[in-house]
Structure formats: structure tokens, C-alpha cells
Amino acid sequence: MFEAVGIPNGLLIGGLLAALIICRLYRRAEVLAGSLQYVQITIGIELGALFATGDLAITGELAGAASLLALCLVSQIAISFFWLRIISGWTATDAVLASYPGAMAAVLDLFDRTSASPRVIMVHVLRLIVLTVAASAMIHSSPEVGQPASTGIWNWIAVGAVVLASLVVGRVLELCKVPAPYMIVATFFTAVGLRSGFAVSVDLPYWSLVVCEILLALLITIRIKDAGLAEFRSSLLPGTIAIVLMLLTSAGLAWLATVLLNLDFTTMSLSYVPGGVESVAIIAISSGLEASFIMKLHFFRLILVQTAPAVVSLLKLRSSPG
């Protein structure tokens, strides 16, 4: 319905709203096993095809944008932490984890190893919903549907090989706590296969992206189905303000990138949003933006937010007496 009236990424937004209603009415709702792997591999194949046809060199523009991204991450965490810890009175642990702009898998891992309260997860789920809707609203038009995907036997063999390799290697990376592991592996194998000539095409049918958007909406909202109303209310206002502050920081750095580097504001805004890599990827792909450039920066962001906790822990260990 949303897409029928011209709302960009209407399927994803409508899926989020429908999933929210379903999860609140039916608390036993669960997504099918393998949904996360399907979403990540589907997005990874699409991204890999984009990377295969694009320039993988690290240009001056990309280096400059990456430098501003690092500044953006530090600013987002500091501003959000100040609001939640100093102004809202949250504990330091809750404030740090709620401000952490990492992938949901990384957040859940940190959550399991700390004494954080459930409102941390509430804030991150809310952030994913807000990011998805806000990013979709920024897109004023969607591209026309291109040529139908290749359905030849060699295309399906290539798709099957990428899927199989992604499931195996992605599982290994998942055990190593790497965020979005199946998407990263699928992107890599698709891009390498196409650029090396081992595969002529790795195309997916349009319906696979439709299913991907629906499952992504369910995966985002399923996390809050068991949350109590009081818990939701107590997290809503401070969490929303923290998210808005992080988004304003993204917009400010995106504007700076347009001034200093002469880059597109919408492209840079999607590049600098705090998290939601799967949502941003599918929005960029379906909206005809520079998805390759955007995801290069998001992969860089994932590396920064994943290595930062390990570096901090190492520094604390080395500075401790004895």
C-alpha cells in the first residue's frame, strides 16, 4: 500500500508497522529459522554485484569521508552518553551500551556479558526502526525496475556456490563475534567471483528482495515483543532523544562532507547513520544511490566499532597493576 501511493521503500516501512502490531498482539510470534542468514546473504549478493562493477580503489574522497566518519562516531557516542548518563541519570553501563553504534549482534554480545538493563536493547531496536524510517524518508524517488535477473543454469550455480560458501564461512565468523558475517562473506565472494571472471552473473530474482525486506522488518521488531509497557515508556523519551542527537550529528558531519569534499548530502547522511547496516544497505540498493560508496564506509564503521572495545579492554589490562 505504501509503495502504491509513492512512498519510497514502502514495503519495508509497511512491514515494520505490520510487524510491530503483530508482535504486540501475538507475543509468541517468532521468525523462521535461517531468516537472518537469508537477509544477510541476499543483501550481500546485491552489494557484491555493485562492488564488482564499481571502483574498489581508495580515493581521496573516500579517505576524507572515512576520516569524517571516525569523527562522527566519536561525537555520536560522546553526545549520546552525556545525555543518557548525565542528563537522564542512566547507569554508566546502560549509557555506554545504548550509545554504542554497532551492529545488533555486537550489542547483544556485549549485553550478555554485562549487567545492563533490558532498556538498552529497547533503545537499539527503537534506533533501528527510526533509522529505517528516516533513511527511507530521505529518498525522494526509487529507480525503475531494470532488466529481469538472469535465470540461466550457470547463474543459479553461481548463486548456489555463493550461498553455500557464505553459510559455511559466515558461521565461522559468527562464532568469532564478527557483525553481519553472512553479508560480509556473500559480498566478498560475489564481488571476487564476478571481477575474476569465475562467474558471468550472480543475479537474484526481484521477489527475493521483497521477501528480504519483509523478513528484515520482522527481525527488527521481534526483539521488543516481550517488553512491558512500563519498561517501554521509561526508555522511550530518553532513548528517542539520544537517537535524535546521534542523527543530528550524522547530518552535521554529512553537511561538512558536502562542503569539504563536494559529496552528495543524502549519500553521506546514509553513510554516517549510527548502525542499521542491513536496513541502510537495502535502502541504498533499492533507491539507486551510490550503494558501493555507502557500504564501503559502513564496513569501515563496523571495523572501528568492533575493534574499539577490544582495544579499550587491552589498554585497561596493560595499565592495571601487576
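A quick note: this is a predicted structure, and the numbers were derived from the prediction, not measured. (Residues numbered from 1 in each chain as written. Predicted model: local features only at pLDDT ≥ 70, side-chain atom pairs only at ≥ 80, totals over all residues. Heavy atoms only, no water.)

1. Some remarks on the overall build of the protein
The line we're drawing: Helix and strand labels come from DSSP, where a helix needs a run of H or I of at least four residues and a strand needs a run of E of at least two; each type is numbered from the N terminus. The rule is simple: take the accessible area with a 1.4 Å probe, protein chains only, and divide by the maximum for that residue type; under 20% is buried, over 50% is exposed, in between is partly exposed. Contacts are assigned to residue pairs that have any heavy atoms within 4.5 Å of one another. Note on areas: Shrake-Rupley with a 1.4 Å probe; residue coverage comes only from the protein chains shown.
For the protein, the count of helices and strands is 13 helices and zero strands. Listed N to C, the secondary structure of the protein is α-α-α-α-α-α-α-α-α-α-α-α-α in terms of helices and strands. Within the protein, buried positions represent 47% of all 322 residues. The contacts in the protein between residues at least 6 apart in sequence include a share of 77% that link residues at least 24 apart. For the protein, the exposed surface amounts to about 15800 Å²; the carbon and sulfur share of it is 70%.

2. Points about unusual backbone geometry
Excluding glycine, residues mostly carry a negative phi; peptide bonds, for their part, are mostly trans. Notably, Asn262 is not glycine yet its phi reads approximately 60°, a positive angle. Here Asn262 lies in the loop between α10 (229–261) and α11 (265–272).

3. Description of α11
As a reminder, the rule being used: N or O atoms within 3.5 Å of each other form a polar contact, as long as, within protein, one can give a hydrogen and the other can take it, and as long as residues adjacent in sequence are counted only when both atoms are side-chain atoms.
By the criterion of burial, α11 is predominantly enclosed, with seven of the eight residues buried. Those residues of α11 lying buried are Thr266, Thr267, Met268, Ser269, Leu270, Ser271 and Tyr272. The residue sitting at the N-terminus of α11 and contributing the capping side-chain oxygen is Asp264; that oxygen lies 3.3 Å from the backbone nitrogen of Thr266.

4. Considerations on the nonpolar core
The following threshold applies: To define a nonpolar core, start from buried Ala, Val, Leu, Ile, Met, Phe, Trp, Tyr and Cys residues and group those joined through side-chain atoms within 4.5 Å.
If you look at the biggest cluster of nonpolar residues, it comprises 26 residues, and the most contacted ones within it are Val39, Ile43, Leu47, Met183 and Met295. In terms of residue count, the dominant contributor to this core is helix α12 (residues 277–287) (seven residues). For Leu47, the contacting residues outside a window of four places in its chain are Met183, Thr187, Ala281, Ile285 and Met295. Leu68, Leu73, Tyr100 and Leu253 belong to the second largest nonpolar core, which has 17 residues in total.

5. Here's the deal with the pattern of salt bridges
The cut-off we apply is this: A pair is scored as a salt bridge if a Lys or Arg side-chain nitrogen falls within 4 Å of a carboxyl oxygen belonging to Asp or Glu.
With the rule as written, the count across this model stands at one salt bridge. Close ionic contact of Arg171 with Glu174 constitutes a salt bridge, the shortest N to O distance being 2.9 Å. Taken together, the residues Arg171 and Glu174, both in helix α7 (residues 153–175) and three residues apart, mark about one turn of the helix. Overall, Arg171 belongs to the partly exposed group, its relative accessible area being 42%.

6. Focus: a nonpolar patch on the surface
Test applied: Surface patches are defined over residues having more than 30% relative accessible area and no salt bridge, joining like charges when they lie within 9 Å and nonpolar side chains (Val, Leu, Ile, Met, Phe, Trp, Tyr) when within 5 Å.
On the surface, Leu164, Leu167, Val168, Val169, Phe188, Phe189 and Val192 cluster together to form a nonpolar patch covering roughly 600 Å² of accessible area. Mapped by element, the contributors of at least two residues to the nonpolar patch are α7 and α8 (181–196). It is α7 that provides the largest number of residues to the nonpolar patch, a total of four residues. By the element assignment, Val168 lies in helix α7.

7. Re the environment of Ala18
Here Ala18 lies in helix α1 (residues 10–25). Each C-alpha atom, one on Ala18 and one on Leu218, is 8.8 Å from the other, the two residues being 200 residues apart in sequence.

8. Some words on the packing of helix α3 (residues 60–87) against helix α4 (residues 92–99)
Here is the rule: In this description, a line fitted to the C-alpha atoms serves as the axis of each element, helices being fitted only across the stretch in contact, and the angle between N-to-C directions of two axes falls anywhere from 0 to 180 degrees. In this scheme, a crossing is called left-handed if the near helix is turned counterclockwise away from the far one by less than a right angle; it is called right-handed if the turn is clockwise. As a working rule, the residues Ala, Val, Leu, Ile, Met, Phe, Trp, Tyr, Cys and Pro are called nonpolar, Asp, Glu, Lys and Arg charged, and the rest polar, with Gly in that last group.
Two elements in contact, α3 and α4, have axes whose closest approach is 9 Å; the angle formed by their N-to-C orientations is 145°. As α3 runs across α4, the sense of the crossing is right-handed. In this structure, α3 uses Ile77, Ser80, Phe81, Leu84 and Arg85 to contact α4, whose residues at the interface are Ala92, Ala95, Val96, Ala98 and Ser99. Residues of the contact of α3 with α4, tallied by class, amount to seven nonpolar, two polar and one charged.

9. A word on the confidence of the model for the protein
Any residue range with low pLDDT should be treated as having predicted coordinates unsuitable for detailed reading. Here is the rule we go by: The pLDDT value tells you how sure the predictor is about a given residue, anywhere from 0 up to 100.
Predicted confidence across the protein gives a mean pLDDT of 77, with 70% of residues reaching 70 or more. At the low end of the mean pLDDT range in the protein sits helix α5 (residues 104–112), at 55; at the high end sits α3, at 92.

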